[in-house]
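# An overview of the molecular structure
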Amino acid sequence: MTRRFTTIAVLVLLGSILAYAGGRSEPADRLLEYPIDVVATTGMIGDIVPQVAGEYARVHVLMGEEVDPHLYRPTRADIARMQRADIVFYNGLYLEGRMGDTLAQLSRTRPVFPVAELAVAGLAADGIDEQSVLLDDEEYDGTFDPHLWMDVSLWMRVVDVVRDALAELDPPNAETYRENATVYREELAELDRYVREIVATIPEERRVLVTAHDAFGYFGAAYEVEVLGVQGISTESEAGLEDINALVRFLVDRGVNAVFAETTVPDRALSAVIEGAAARDHRVVVGGNLFSDAMGPAGSWEGTYMGMIDHNATTIVRALGGSAPERGFTGRLSGGDGR
Ligand SMILES: [Zn+2]
């Protein structure tokens, strides 16, 4: 048995334990009041809830704009908020690296769902070889890259997990949740097509995406872009001089002229890369500011999951010499490069 399979087995087991704890720990006669009180760790997960549950649920997102989930520690208020919730959704796959104990404790009294982790377990259940879909976190043995939202078709499976969890919690409205999820899935499928189409317009030799940390692995795998991050998959470890030098060599050798900043990661290492390239007479610019681990401002298109992906894909394509409409997928992008 490879370590990868062991990990999957553990994840599946963990998922079922959490789902079990979730489904059974509440007294059976506890009345659910509307709107259902949902807490989600990231904005991307939180954004699924109104799409699926509409008026029947209200979601509170713990990590807002520009918050790095790899480093986030829950506050007392967060913990109190989760303890009052009817249901809690988090990504899992160690994205919320510093919330593990809190979430484990919480799962004894509340339904707590690691939605990306369960979506991954669902791949195997559907007879899909998860090894062909999932990316390893090369820095930590036996763990997966948690940034599933970067591949819209994978994120659609997370929508299914949220749909099923809400349907189980609130059976009288299960049919509505299924219908809403189907509509949202269709919109996501269109977005997935848009990203695929515009990325294909980038000249092949320029299809290289260099970002501050390794959040875009699934984006690269799904839409056929070579991806390199200055930092690893988690932002826990900072990029060393060696990483920076290797990246500078790569940019010079390949003639890559654009790198991308992220709203949740400091630009220090990226600036070092740009300066390093300049010292070798190779001009590199920041091609834009991408939303990697958090969405844009609340209330804006970029502050939705679809808008975040639209912004990222459109910004990347335009900076790398492909063609994409300035205002993106449905003309709702605010324009500019997100900075
Ligand atoms: Zn990340």
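### Regarding the confidence of the model for the chain
Here the chain averages 89 in pLDDT, and 90% of its residues register 70 or above. Note that residues 1-10 has pLDDT below 50 and, in this model, 15 contacts with residues that lie over four places away or in other chains.

### Thoughts on the packing of aromatic side chains
Think of a pair of aromatic rings as described by two things: how far the centres are apart, and how the planes are tilted against each other in angle. In the structure shown here, the tally under the stated rule is eight aromatic pairs. Plain terms: the ring middles of W149 and W155 are 6.1 Å apart, the flat faces sit at 80 degrees to each other, and that makes the pair edge-to-face. Judged by relative accessible area, W149 falls into the buried class, the value being 0%. The class for W155 is buried, based on a relative accessible area of 0%. Where Y194 meets F329, the ring centres are 5.3 Å apart and the plane angle is 50 degrees; that geometry is what we call tilted. With a gap of 135 residues between them, Y194 in helix α8 (residues 174-199) and F329 in the segment after α12 (305-319) connect regions that are remote in the sequence. Across this residue pair, the class does not change: Y194 and F329 are buried.

### Here's the deal with the side chain of D310
Along the polypeptide, D310 turns up in helix α12. Buried within the structure, D310 lacks any salt-bridge partner; its nearest side chain of opposite charge belongs to R332, at an N-O separation of 6.8 Å. The residues touching D310, leaving out its near neighbours within four places in the chain, are L191, Y194, W301, R327, G328, F329, T330 and L333.

### Some details on the coordination of the zinc ion
Distances from the zinc ion to its protein donors, H70 (NE2), H147 (NE2), H213 (NE2) and D293 (OD), fall at 1.9 to 2.1 Å. One can describe the site at the zinc ion as tetrahedral: its four donor atoms subtend angles covering 94 to 127 degrees at the metal. Between consecutive donors of the zinc ion, the numbers of intervening residues give the motif H-x76-H-x65-H-x79-D. Linking H70 in the loop between β2 (57-61) and α4 (76-84) with H213 in strand β5 (residues 208-213), this pair joins segments that are 143 residues apart in sequence. Across the pair, H213 and H70 agree in class, each one buried.

### Some points on the pattern of salt bridges
In this structure the tally under the stated criterion is eight salt bridges. Measuring nitrogen to oxygen at the nearest pair gives 3.6 Å for the salt bridge that ties E175 to R178. Linking E175 with R178, this pair stays in helix α8, spanning three residues, or about one helical turn. A relative accessible area of 38% places R178 in the partly exposed class. For R196, the salt bridge identified is with D192, shortest N-O distance 3.3 Å. Highlighted residues: R196 and D192, both in helix α8, separated by four residues, approximately one helical turn.

Reading guide: rules and limits
Residues numbered from 1 in each chain as written. Predicted model: local features only at pLDDT ≥ 70, side-chain atom pairs only at ≥ 80, totals over all residues. Heavy atoms only, no water. pLDDT = per-residue confidence, 0-100. Contact = heavy atoms within 4.5 Å. Phe/Tyr/Trp six-rings, centres within 6.5 Å; stacked < 30°, edge-to-face > 60°. Buried < 20%, exposed > 50% of the residue type's maximum accessible area, 1.4 Å probe, protein only. Helix = DSSP H or I, 4+ residues; strand = E, 2+ residues; numbered from the N terminus. Lys, Arg positive; Asp, Glu negative; His and termini not counted. Salt bridge = Lys/Arg side-chain N within 4 Å of Asp/Glu carboxyl O. Donors = N, O, S within 2.8 Å, 3.2 Å for Na, K, Ca; no water. Tetrahedral: all angles 85-135°; square planar, octahedral: opposite > 155°, others 65-115°.

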